[in-house]
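Each chain, letter by letter, is given below.
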Amino acid sequence: MLKVLRKLDRPVPRYTSYPPVPHWNKKISSQSWLSSIQKNNIASLYIHIPFCEQLCYYCGCFKKITKNKSIVNDYMQLIKAEWEIYLKNNPRLKIQTIHIGGGTPSFLSPKALKDLLAFFSPFMLNEAKNSIELDPRTTCSEQLQILKEFKFDKVSLGIQDFDVEVQNTINRVQPYDLVEKLVKKIRQMGFSTLGFDLIYGLPKQSMRTIQETLEQVLVLNPDQIAYYSYAHLPQKIKSQRIFAQDDLPNSESKKNFFYSTSIMLEKAGYIKIGLDHFVKKDSPLYMAKQNGKLTRNFMGYSELETPLLIGLGVSSISESENYFVQNTKSFSEMKDSLDKKELSLVTGHKLSDEDSMRAESIQNLMCNEFIDLEKITYEELRQSLEEFVELGLLEANGRLLKLTERGRPYLRVIASCFDEYLGKNKVVQFSQSI
Ligand code: SF4
């Protein structure tokens, strides 16, 4: 059986979208996308701030490394111009929630941050709840005050690992004391949710460093923890080539890191949800999970249903019931398009009925951790799922197949049964499932 399970550790998508981005079928014009969402009066907004002061070697995000802060001014104009196009398309458009991600959102000076949020403020619904990703190395009190002023209630800190040797190896040195001080400020200011992002599988990590990091994390007591598996793709991500192969934990070690972390977090009162999140019982994500309302998109797990997600800024992805579209990664291309009052979309996908059906099954599995057999019409698919039942990764319960604890590390592999694009037409690099 061990052999069979090892074979399951294969490269598969993370399924933040279905179909995954490399299988999107075409470029969608600015006009088609805008027409398709003209009747949506409520949107969630994702704003991408692509700038970072220093390169973290493991990073696969789209970012621009620079210390030149003046670059922000022109970029803010692009973000605003992009929103104006959406607003012209539907003047009734209101914002349900804003999430600012990166790159490094805290690259914005307090002045730039305030200016950006004041611009969007008139379009925010009264009950809007906003969130942001912060880098502890570049976050100041003034920025936090501005975030409070503009209804930000959730902040996520990029922690990754507290071990000094690991931090040096990945080129992201942020001492524990610095994070501790920031956490105190965040708590004093009354943000309702504090999240930590951690990564396992980084070079130089060992069971000792993983457990020590976790002990320090538990002292700081975040409300939720995203525990991501490091995706080593040196062919695609140049900066990862600096890592020595011998320093990288193998998949067996990674699995052990995840198990040991799970045990520590569960003992401390956290509950595991989905692929890689741990939350407290009173957290909005846990309540959403209990009510079958947990969702997942490019930004991660969420308690909010979002019929329309608008991504602003270079490389951002937008999503509606029937479409995915992605902005260009080129600043100049984006500027040229916006000057012509058009969005600069480089790729996209219009979902077929078949895509939607498969996407729903994947979403259900990733969020609610079960598969409804009555929704499966393909005999071939049922057979694959039966194999997972035999391996103890799923268990039958009436018309439902429920994910077991043993099956959790293989969630992406199980989801890949629904993926009719996997392995077809294109050679695409995905990370190992574990
Ligand atoms: S991990 Fe974050 S801060 Fe580091 S380079 Fe990537 S986007 Fe920038």
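None of the values given here were measured: they were computed from a predicted structure.

Analysis parameters
- Residues numbered from 1 in each chain as written.
- Predicted model: local features only at pLDDT ≥ 70, side-chain atom pairs only at ≥ 80, totals over all residues.
- Heavy atoms only, no water.
- Pairing = 2+ DSSP bridges.
- Helix = DSSP H or I, 4+ residues; strand = E, 2+ residues; numbered from the N terminus.
- Axes fitted to C-alpha atoms, helices over the stretch in contact; angles between N-to-C directions.
- Contact = heavy atoms within 4.5 Å.
- 1 Å grid on protein atoms, 1.4 Å probe; cavity = no way out; pocket = protein on both sides within 12 Å on 5 of 7 lines; lining within 4 Å.
- Points joined across faces, edges and corners; volume = space filled by probe spheres on them.
- Nonpolar A, V, L, I, M, F, W, Y, C, P; charged D, E, K, R; others polar.

Student: Tell me about the sheet that holds strand β17 (residues 370-372), residues and numbers included.
Tutor: Taken in spatial order, the three strands make up an open sheet running β17-β19-β18, and their pairing is antiparallel. The open sheet has two edge strands with one neighbour each: β17 and β18 (394-397). Each strand axis lies, on average, 25° off the axis of its neighbour in the sheet, ignoring direction. Both β17 and strand β19 (residues 400-403) contribute to a ladder of three bridges, which runs antiparallel. Its bridge partner lying in β19, F370 is registered against K402. Against the sheet, helix α13 (residues 379-390) engages β17, β18 and β19, with an angle of about 105° to β18.

Student: Tell me what's going on with the layout of surface pockets, and back it up with residues and numbers.
Tutor: Volume-wise, the second largest pocket comes out at about 770 Å³. Forming the walls of the second largest pocket are 28 residues, and the residues nearest its centre are T295, R296, E319, A359 and Q363. Every element with two or more residues in the lining of the second largest pocket is listed here: β11 (295-297) and α12 (353-368). Considering every element that reaches the lining of the second largest pocket, the biggest residue donor is α12, with eight residues. Per-class residue counts for the lining of the second largest pocket are 11 nonpolar, 11 polar and six charged.

Student: Tell me what's going on with empty space enclosed by the protein, and back it up with residues and numbers.
Tutor: The full count for this structure, using the stated rule, is three cavities of 30 Å³ or more. The volume enclosed by the second largest cavity comes to roughly 60 Å³. Lining the second largest cavity are E360, S361, N364, F370, I371, D372, K375 and F418. Contributing elements (two or more residues each) for the lining of the second largest cavity: α12 and β17. For the lining of the second largest cavity, a count of residues per class yields three nonpolar, two polar and three charged.

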